[in-house]
Amino acid sequence: MNETMIDRLIRHQSWLDPWGALLQRAVGGAYSALRAPGRVLKDVAHGSRGLGHPLHPALSDVPLGAWFVGVVADIVALADHAFPTQAGDLALAVGLVVGLAALATGLTDHHETYGHELRVATAHGSLMVVVMAVMFASLLLRWFAGIGFHGLAVALAICGLLLALAGAYLGGHLSFGIGTAVNRNAFGEGPDEYLPVGRPEDFPEGQARAVPVAGLAVLIVRRQGRLFGISDTCSHAGGPLHEGELKGDVVICPWHGSRFCIRDGGVRRGPATFGQPVFEVREEGGLVEVRRARVLD
Ligand code: FES
C-alpha cells in the first residue's frame, strides 16, 4: 500500500508513543475510578449508548464552525467599527465550551486505539489541545486586557483556526484514511439464500463458533436449543468475536471488550457504536444453514 505523506511523517514521530500511552492510562484510570457510572459515561462519550453512532465527529464540527464564524466576525469588526466586537468573542466562547466536550469524547475514542492509529490520534488530539489553549488565550485577552489588545486577540484566533483546520485534517485522516471508528461490517452483506455451514451437532449448546459464509465470518451460538448468528467481525475495529467470552446472550469482544447481544446484534457496551449484522440460521435436512437476515420495510 502506498503510504500518504502524513502517515510517513507521523510514523517517524516515536515521541508520540509515551505521550499517547500516558493519555490512555489517564483516561482509562479516570473512567475506572468512577466504577459503574464511569462505564455508562464512557459508553455515552463513545456514542455507544444514546446516540448509536460515534459522538466525537458530530461534536467536533461545532467548535470548527463557531471559530470560523468568530474569525469572520472579528475581521468585519476590525474593518467596520460599528460592528460589535462581542460577536467574535461570543462565537469563540461557544467554540471553546463545545470544544471541551469534543475533547472529552475524542480522548475517550483515543483510549481504544493502538499502533499507527494511536500515533495519528495522539497527534490529532495534541494539536486540538494546543488549539483550545490558543483560543482560550485569545478569549482572556478580549475579556481582561482591554480593547488595545483586541488586534492581538484576533491574530491569536486566526492562528488557532488555522491550527484547528490542520487538526481536523488529521481527524479526517484517522477515519477516512486509516479507518478508525469505521463500521467494520459496512461492506459485507451476506447471502440472500440459505447456505449450509455444518451439521447440528457442530453447534453444541452454549458454545460460540465462527463459520465462513460467502466470504464473511458468521458467529453461530446455540442458546436454549435455538441457533443465532451475527457477524463474527467486531464492528469497532474488527476483533474476532469467536475468541471472546460468551455470557448468556452476550458475546464480549476479546480486543476492547465491546459487548453484543447474539439475538439482535445490538451493542450492550462500547467502545463499539454500531451493532453487528444479524443472520438467520435454520436446521433443515440434517444441515445448519445461514443467510442474511431480511430487513423488514
Ligand atoms: S475490536 Fe474493539 S471492541 Fe471489538
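As the structure is a computational prediction, the values presented were derived from the model and not from experiment.

Undergrad: What's the story with the packing of helix H6 (residues 115–144) against helix H7 (residues 150–177) in this structure? I'm lost.
TA: The relative placement of two packed helices is expressed as an angle between their axes plus a distance between the axes. One way to put it is that H6 packs onto H7 with a least axis distance of 8 Å and a crossing angle of 165°. In terms of their interaxial angle, H6 and H7 are classed as roughly antiparallel. Considering only the axes of H6 and H7, their crossing is left-handed. Grouping the amino acids of the contact of H6 with H7 by side-chain chemistry returns 23 nonpolar, 7 polar and 2 charged.

Undergrad: Got a minute to help me understand the side chain of Lys42 in this structure?
TA: Counting through the fold element by element, Lys42 comes out in helix H3 (residues 35–46). The contacts of Lys42, once residues within four sequence positions are left out, are Tyr31, Thr108, His111 and Glu112.

Undergrad: What should I look at first to understand the packing of helix H4 (residues 56–79) against H7 in this one?
TA: It is at 10 Å that the axes of H4 and H7 come closest, and there the two elements cross at 150°. Taken as axis vectors, H4 and H7 run roughly antiparallel relative to one another. Note that H4 runs across H7; the crossing there is left-handed. Here Leu64, Trp67, Phe68, Val71, Asp74 and Leu78 of H4 come into contact with H7, specifically with His150, Val154, Ala157, Ile158, Leu161, Ala164, Leu165 and Ala168.

Undergrad: Help me understand a nonpolar patch on the surface, please; the structure alone is not making it clear to me.
TA: Side chains of Phe68, Val69, Val72, Val76 and Phe83 sit close together on the surface and give an oily, nonpolar patch of about 410 Å² of accessible area. Judged by its relative accessible area of 40%, Val72 falls in the partly exposed class.

Undergrad: Please explain the nonpolar core as it appears in this structure.
TA: As a rule of thumb, soluble globular proteins bury nonpolar side chains together. Trp67, Leu92, Leu96, Val131 and Met135 are the most contacted members of the largest nonpolar core, which has 13 residues in total. Counting only elements with at least two residues in this core, the list comes to H4, helix H5 (86–110), H6 and H7. Among the elements that make up this core, the one with the highest residue count is H6 (5 residues). Discounting chain neighbours no more than four positions away, the residues touching Leu96 are Trp67, Met132, Met135, Phe136 and Leu139. Core analysis: the second largest hydrophobic core is formed by 12 residues, Phe228, Leu241, Phe260 and Val267 among them.

Undergrad: Explanation requested: the sheet that holds strand E7 (residues 259–261) in the structure shown.
TA: Strand pairing in a sheet takes place through backbone hydrogen bonds and is either antiparallel or parallel in direction. What the 4 strands build is an open sheet, ordered E5-E6-E7-E8; its pairing is antiparallel. Two strands bound the open sheet, and with one partner strand each, they are strand E5 (245–247) and strand E8 (267–269). On average, adjacent strands in this sheet sit at an angle of 30° to one another, irrespective of strand direction.

Undergrad: Mind showing me how you'd approach the side chain of Ser231 here?
TA: Position of Ser231 among the secondary structure elements: in strand E4 (residues 226–231). Engagement of the side chain of Ser231 in a polar contact is seen with the side chain of Asn185, the distance being 2.8 Å. Residue contacts for Ser231: discarding those within four places in its chain leaves Asn185, Ala217, Leu219, Leu241, Gln276, Pro277 and Phe279.

Undergrad: How should the sheet that holds strand E3 (residues 216–223) be read in this particular structure?
TA: A sheet is described by the order of its strands in space; here 6 strands give the open sequence E1-E10-E9-E4-E3-E2, paired in antiparallel fashion. With partners counted over all chains shown, the strands left at the sheet margins are strand E1 (195–198) and strand E2 (208–213), one partner each. Across this sheet, the average inter-strand angle for adjacent strands is 35°, counted without regard to direction. Bridging between E2 and E3 involves 6 bridges; their strand directions are antiparallel.

Undergrad: Explanation requested: helix H2 (residues 16–33) in the structure shown.
TA: The α-helix winds at 3.6 residues per turn, so residues separated by three or four positions along the chain end up facing the same way. An ideal rise of 1.5 Å per residue puts 26 Å on 18 residues; H2 measures up with 26 Å between its terminal C-alpha atoms. Buried residues in H2 make contact with helix H1 (5–11), H3, H5 and H6. Phi for Arg35, located one or two positions after H2, is positive at around 55°.

Undergrad: How should I be thinking about the domain arrangement of the protein chain in this particular structure?
TA: A common measure of how large an interface is: the accessible area buried when the components associate. By domain assignment, the protein chain separates into domain 1 (5–178) and domain 2 (195–292). The interface of domain 1 with domain 2 comprises 10 residues on the first partner and 12 residues on the second. Summing both partners gives a buried area of about 840 Å² for domain 1 against domain 2, and 59% of it is carried by carbon and sulfur. If you sort the residues of domain 1 by the area they bury against domain 2, Ser48, Glu112 and Tyr114 come out on top, with a joint share of 46%. Here the side of domain 1 that touches domain 2 is built from residues that sort into 2 nonpolar, 5 polar and 3 charged.

Undergrad: Sorry, what's going on with the pairing of E4 here?
TA: Put simply, side chains in a regular strand alternate between the two faces of the sheet. Within E4, 5 of the 6 residues are buried, which leaves the element mostly enclosed by the surrounding structure. Counted along the chain from E3 to the antiparallel partner E4, the turn is 2 residues long, and its residue Gln224 has a positive phi close to 50°. Here E4 pairs with strand E9 (residues 278–284) via 2 bridges, running antiparallel. Note that in E9 the partner of Ile230 across the bridge is Val278.

Undergrad: Please explain the state of the cysteines as it appears in this structure.
TA: Note on terminology: a disulfide is the covalent bond linking the sulfur atoms of two cysteines. One pass over the full model with this rule turns up 0 disulfides. Counting only cysteine sulfurs, Cys234 is the nearest neighbor of Cys261, a cysteine outside any disulfide, at a range of 15 Å. Cys261 gets classed as buried once you look at its relative accessible area, which sits at 6%.

About the cut-offs
- Residues numbered from 1 in each chain as written.
- Predicted model: local features only at pLDDT ≥ 70, side-chain atom pairs only at ≥ 80, totals over all residues.
- Heavy atoms only, no water.
- Axes fitted to C-alpha atoms, helices over the stretch in contact; angles between N-to-C directions.
- Helix = DSSP H or I, 4+ residues; strand = E, 2+ residues; numbered from the N terminus.
- Parallel < 35°, antiparallel > 145°, perpendicular 65-115°, else oblique.
- Left-handed = near helix turned anticlockwise from the far one by under 90°.
- Nonpolar A, V, L, I, M, F, W, Y, C, P; charged D, E, K, R; others polar.
- Contact = heavy atoms within 4.5 Å.
- Patch = residues over 30% accessible without salt bridge, like charges linked within 9 Å, V, L, I, M, F, W, Y side chains within 5 Å.
- Areas by Shrake-Rupley, 256 points an atom, 1.4 Å probe, with all protein chains shown as cover.
- Salt bridge = Lys/Arg side-chain N within 4 Å of Asp/Glu carboxyl O.
- Buried < 20%, exposed > 50% of the residue type's maximum accessible area, 1.4 Å probe, protein only.
- Core = buried A, V, L, I, M, F, W, Y, C linked by side-chain atoms within 4.5 Å.
- Pairing = 2+ DSSP bridges.
- Polar contact = N/O pair within 3.5 Å; in protein donor to acceptor, adjacent residues only side chain to side chain.
- Expected span 1.5 Å × (residues − 1).
- Domains from an automatic or database assignment.
- Buried area = accessible area lost by both parts, 1.4 Å probe.
- Disulfide = S-S within 2.5 Å.

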